[in-house]
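# Structural characterization, general
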Amino acid sequence: RYARVFSKSEKVRWPLSIKEEFDKRLNRNIEPSLDFSLTLGKYLANLAYLDMEWLENKINEIFLNDNENHWKAAIEGYLFYASTVHQELYLLLRENGHYEKALNTEFEDNHIKERLIQHICVGYIEDWENVEEQSSLISKIINRNKPNELSEIVSFFWMLRENLNDKIRSKVKQLWKALFENAADKVDSLEYQKILSNLSRWLVLVEEIDEEVYGWLKVSARYVKTDYNSSFFVEYLLKHVDKTPGRVGELFLEMLNSGAYPDYKKENIEEIVEKLYGKGEKEIADKICNSYGEKGIYYLRDIYEKHHAARLRSHSDE
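All figures in this text were calculated on a predicted structure; none of them were measured in a lab.

Running from N to C, helix α10 (residues 137–144) and helix α12 (residues 166–184) cross one another at 20 degrees; their axes reach a closest spacing of 9 Å. By the angle between their axes, α10 is roughly parallel relative to α12. Note on packing geometry: the crossing formed by α10 with α12 is right-handed. When α10 is examined against α12, the residues I138, I142 and N143 are found in contact with a partner set consisting of L175, A178, L179 and N182.

Our focus in this paragraph is the packing of aromatic side chains. Under the definition given, this model contains 20 aromatic pairs. Where W14 meets F22, the ring centres are 5.4 Å apart and the plane angle is 55 degrees; that geometry is what we call tilted. Members of the aromatic cluster, each reached through a chain of ring pairs, are Y124, F156, F157, W176, F180, W202 and W216. Taking NZ or CZ as reference, K186 lies 5.6 Å from the ring centre of Y192, over its face.

Our focus in this paragraph is the layout of surface pockets. The computed volume of the largest pocket comes to approximately 360 Å³. Surrounding the largest pocket, 17 residues form its lining, R1, W14, N46, L47 and L50 being those nearest its centre. Elements with a contribution of two residues or more to the lining of the largest pocket: α1 (2–6), α2 (16–25), α3 (34–42) and α4 (44–50). Considering each element in turn, the lining of the largest pocket owes the most residues, four residues, to α4. Tallied by class, residues from the lining of the largest pocket come to 12 nonpolar, two polar and three charged. For the second largest pocket, the calculated volume is near 250 Å³. Lining of the second largest pocket is provided by E106, F107, N110, K113, E114, I117, K146, N148, E149, S151 and E152. Only α9 (110–125) and α11 (147–159) provide two or more residues apiece to the lining of the second largest pocket.

Criteria and thresholds
The residue numbers shown here count from 1 along each chain, following its written sequence. Thresholds applied to this predicted model are a pLDDT of at least 70 for local features of residues and 80 or more for the giving and counting of side-chain atom pairs; totals over whole chains, interfaces and linings are not thresholded and use all residues. Working from all heavy atoms in the structure, the side-chain values ignore hydrogens and water. Angular values range over 0 to 180 degrees, each being the angle between N-to-C directions of two axes fitted as lines to C-alpha atoms, with helices fitted over their stretch in contact. Counting from the N terminus, the helices are the DSSP runs of H or I reaching at least four residues and the strands are the DSSP runs of E reaching at least two. An angle counts as roughly parallel when it lies under 35 degrees, as roughly antiparallel when it exceeds 145, as roughly perpendicular when it falls between 65 and 115, and as oblique in every other case. Crossings are assigned a handedness: left-handed for a near helix turned anticlockwise from the far helix by less than a right angle, right-handed for a clockwise turn. Only heavy atoms enter the contact rule, under which two residues are in contact if any of them lie within 4.5 Å. Stacked, tilted and edge-to-face pairs are distinguished by plane angle, under 30 degrees for stacked and over 60 for edge-to-face with tilted covering the rest, among Phe, Tyr and Trp rings (Trp via its six-membered ring) whose centres lie within 6.5 Å. Should the NZ of a Lys or the CZ of an Arg lie within 6 Å of a ring centre and within 35 degrees of the ring normal, that charge is described as sitting over the ring. Note on definitions: the grid is 1 Å and covers protein atoms alone; a cavity is a set of points where a 1.4 Å probe fits but cannot get out; a pocket is an open set with protein on both sides within 12 Å along at least five of seven lines; lining residues have an atom within 4 Å of a point. Grid points are joined across faces, edges and corners, and a volume is the space filled by probe spheres set on the points. Polarity classes work like this: nonpolar for Ala, Val, Leu, Ile, Met, Phe, Trp, Tyr, Cys and Pro, charged for Asp, Glu, Lys and Arg, and polar for all others, with Gly in that last group.

Next up, the structure:
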């Protein structure tokens, strides 16, 4: 607060006496408290504001590689409390190996690893990470093939659906492809079935079901019920039915053929079927209605009979 009021225009914004006190306490023989290390991590962005050059010089004294307890306290403080991922801090920690070390560290609090994955996802969105570079952190996560880490990536991007922009959209397909290819050959594992199931939610992140997305979704559609995603899948299919009705219908059938027969929200399912009839995809629409009927689910009967009656009238007029 003092720095913002009185030293805002300065490059170094804290008094020498305070900096010297921090320098002294970075010697953990003088300041052995783990709370001190946690606090340094928690307020890393504030320290950067006070004196970025000092922070760059002291980063490996704050995150002590040769003292696991103090290193853990500092990285946990940073990851748990950092609400914004700052580029200069991200690159500083990455270049000094602290993000990668965190990837290889087991934390008692699972939220720490989740926050770590989220930081790296932000790095990917901001072009600090490249999925095509094997040395990048995002590639290392994918190549590690740990289901909980891959699931966190899937979850993080899905949570961005309400704040989509062109930057995020431009990143989705490349990452989707990498995640899909890693999971698709492990479908015997329930954990990877769940990843494929949750990837179906990414349908909301793309503007079109092109040929590539269609291929990925055909596989995901078989597993949507594995992690309770059928209602989301229906909702997101509805958003695409006007543009690509044939592919939407085929994906819906793929879901039904896997044994998933969602009935929530009924109005979404009814609207999809109505639009399929209206877009000339009568055969697919019939198959959907008949599949529900064979399972003893009859709420599509009125739509089916309405369109068949219309077809009969059309034939009789001819």
